Each structure stands twice: as structure tokens, then as C-alpha cells.
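Residue-level structure breakdown
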Amino acid sequence: MSFDLQQAYAILRPHFQERLRLNEPLTAHCAFGVGGPADMWVTLERQRELIDLVNLCAQHHWPLLLVGGGRNVLFADAGVRGIVARIDFHSYQIDRQTPTTALFTVEAGARWPQLLDESLAQGWSGLEFGIGIPGTLGAGIISNAGAHNQSLSQILEWIEVLDARGCNIEPEEQFAPAIKRRYSRDELDLSYRHSRFRVERSACIDHGGTW
Ligand SMILES: Cc1cc2nc3c(=O)[nH]c(=O)nc-3n(C[C@H](O)[C@H](O)[C@H](O)COP(=O)(O)OP(=O)(O)OC[C@H]3O[C@@H](n4cnc5c(N)ncnc54)[C@H](O)[C@@H]3O)c2cc1C
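Going by an unreviewed UniProt entry, the protein chain carries the name UDP-N-acetylenolpyruvoylglucosamine reductase and comes from Ktedonospora formicarum. Its UniProt record gives the protein chain the following Cofactor (unreviewed entry) comment, quoted word for word: "FAD".

Following this line, the structure appears as C-alpha cells:
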């Protein structure tokens, strides 16, 4: 796979402005403080930006690595060739379902402390088990994050992912845009630190859970 850094920069810079950085040291984005530079680093603040970036990468065959909080990755000393994009959209919505339960719809870049602070302030409980889990909830789905004998599998209703597997279909290499898919909890093969995404990689963008 060839990566034309200058071409990618020229195309992406107008969209991301100063959020797009060249030769970015990954030590600053990794809990363990290791890693060489990424050719290109970008922080994604909206779902639409992720969708557009994934489609552009597929169209141009640019390598793309998505990360959340960088709490569970070790970057190589040689760094990363291509684009490393951090998912940093983290808004949420709370919809009361019954007098005692609510559905939280949370974007992938939300972190446990943010959600806990805001849900407890509104009188909702049920998420407390995750207070010590570092990183984003989106990444947490991949490993069915949990603690104190509880895990996301017990509260999750559904997730939405961006599935880019069909973007470049060999041998014609015809481009097709990435597809948003929704999976219910039962389709996720959740067990101890496991989900179907340990096997199939997709970008988690949104999920809903009942507390
Ligand atoms: C000190 C410490 C304590 C921990 N304690 C616990 C614990 O008690 N329980 C527990 O379950 N885990 C624990 N973990 C693990 C960690 O918190 C989880 O793996 C967490 O989900 C990492 O989130 P992150 O956003 O930092 O992911 P990152 O480190 O940024 O990414 C991890 C992986 O997920 C991928 N990824 C990230 N976001 C997405 C997304 N939205 N869509 C698709 N792929 C994505 C990345 O490509 C990478 O492969 C601990 C980790 C540390 C360092």
C-alpha cells in the first residue's frame, strides 16, 4: 500500500485545519508514553468527520489507524506510517424509558468519568462499576470492558458501527462508501473481555445502554 503524505495533507488540511498534524510524536497519545511519530495525526470531533475520513482513506488507499484514549495501545518505536485518528466525539443523550430506567445514547469517544459525573448529577445510577476503567466507551465495546464482576454486556442495548470492509472490492477495486450498521447486544458475541470485533474490525461510533 503506498501512502502519498503530501497528497493526503493537501486534501485533508482544509477540512481539519490545525487538528491535522504531521510527524506527530505518539508518546503524547499513549498511556505508556511510548512510540515514534505518526506520519499524520488528526483528532475527530464529529461522527461525520470519521465517516468522511474512512471513505477518503478507502478511496485513496491511505492506511488508517483509529484510536480512542490511547489507554490500551502500545505504539512501535518506529512510529506509524499513514494516518492515526483519535475519536474524540463524546456527546450523549438521555431518554427516560420507564420511571426508573433510561436509555443513554453515547458517542464513541465518551469516557467513563464524564458519563458518571453527568448521569449521577441527574439521578441515574448503574454505571459506577466503570469508574476506574481508563479510555473511551467506544473502545470498551471491543473488549466488553468491565470491573467488579460487571461489564458493558449487562447494560448495553445496541451499538452502531461504521463498516468499511466493502469499500474496496477486489479485483475491480470499485469504491463503495462505508456502511453504518446497527448491532443489538445479542449480535455482539460479548463475553469476558471479548466481542465479535476482536475478530472483525469496524469503527464503533455510537451506542445505547439502559441504566
Ligand atoms: C491502568 C489500566 C487499567 C485498566 N483497567 C481496566 C479494567 O478494569 N477493565 C477493563 O475492561 N479494561 C481495563 N483497562 C483496559 C482499557 O481501559 C480498555 O481497553 C479501554 O477500552 C481502552 O480505551 P481507549 O479509548 O484508551 O482505547 P485505545 O487504547 O485508544 O484503543 C484500544 C484498541 O481499540 C481500538 N479502538 C479504539 N476506539 C475504537 C472505536 N471507537 N472503534 C473501533 N476501534 C477502536 C484501537 O484501534 C485499539 O486497537 C485498563 C487499562 C489500563 C492502562
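On to the site of the ligand, then. Neighbouring the ligand are 25 residues; Leu-66, Asn-72, Pro-134, Thr-136 and Gly-146 lie closest to it. One nitrogen or oxygen atom from the side chain of Thr-136 is found 2.7 Å from an oxygen atom belonging to the ligand. Relative to its free-state accessible area of 980 Å², the ligand is covered by the protein chains to the extent of 78%. When residues of the shell around the ligand are assigned to their parent elements, the largest contribution, three residues, is made by helix α4 (residues 137-142).

With that settled, consider the domain arrangement of the protein chain. Parsing the protein chain into structural domains produces domain 1 (5-87) and domain 2 (92-210). Listed as interface residues are 13 residues of domain 1 and, on the opposing side, 20 residues of domain 2. Summed over both sides, the interface of domain 1 with domain 2 buries roughly 1,300 Å², with 66% coming from carbon and sulfur. Our count for the domain 1 to domain 2 interface comes out at two residue pairs in polar contact (both at pLDDT 80 or more).

Mapped onto this structure's residue numbering, the UniProt feature "active site" (unreviewed entry) falls at Arg-193. By secondary structure assignment, the location of Arg-193 is in the loop between β12 (179-184) and β13 (203-210). If we ignore the near neighbours within four places in the chain, the residues touching Arg-193 are Ser-143, Asn-144, Ala-145, Gly-146, Ala-147 and Arg-198.

The end-to-end C-alpha distance of helix α2 (residues 47-60), which contains 14 residues, comes to 20 Å, matching closely the 20 Å that a straight helix rising 1.5 Å per residue would cover. Most of α2 is tucked away: 10 of the 14 residues are buried. Listed in full, the buried residues belonging to α2 are Gln-47, Glu-49, Leu-50, Ile-51, Leu-53, Val-54, Asn-55, Leu-56, Cys-57 and Ala-58. In the segment just after α2, His-61 is the residue with positive phi, at about 60 degrees.

Evaluated as defined, the whole model comprises two aromatic pairs. For the pair Trp-112 and Phe-129, a centre-to-centre distance of 5.4 Å together with 65 degrees between the ring planes defines the contact as edge-to-face. Within this pair, whereas Trp-112 is found in helix α3 (residues 112-121), its partner Phe-129 is found in the loop between α3 and α4, the two being separated by 17 residues in sequence. Summarising the aromatic geometry, the rings of Tyr-183 and Phe-197 are spaced 5.8 Å apart at their centres and angled 70 degrees between planes, so their arrangement reads as edge-to-face. Note that Tyr-183 is positioned in strand β12 and Phe-197 in the loop between β12 and β13, a separation of 14 residues in sequence. By relative accessible area, Phe-197 is classed as buried at 3%. Arg-182 extends its terminal NZ or CZ atom over the ring of Trp-158, reaching a point 3.7 Å from the ring centre.

The rules behind each value
- Residues numbered from 1 in each chain as written.
- Predicted model: local features only at pLDDT ≥ 70, side-chain atom pairs only at ≥ 80, totals over all residues.
- Heavy atoms only, no water.
- UniProt positions renumbered as here; feature names shortened; annotations may be inferred.
- Near = heavy atom within 4 Å.
- Polar contact = N/O pair within 3.5 Å; in protein donor to acceptor, adjacent residues only side chain to side chain.
- Areas by Shrake-Rupley, 256 points an atom, 1.4 Å probe, with all protein chains shown as cover.
- Helix = DSSP H or I, 4+ residues; strand = E, 2+ residues; numbered from the N terminus.
- Domains from an automatic or database assignment.
- Contact = heavy atoms within 4.5 Å.
- Buried area = accessible area lost by both parts, 1.4 Å probe.
- Expected span 1.5 Å × (residues − 1).
- Buried < 20%, exposed > 50% of the residue type's maximum accessible area, 1.4 Å probe, protein only.
- Phe/Tyr/Trp six-rings, centres within 6.5 Å; stacked < 30°, edge-to-face > 60°.
- Lys NZ or Arg CZ within 6 Å of the ring centre and 35° of its normal.

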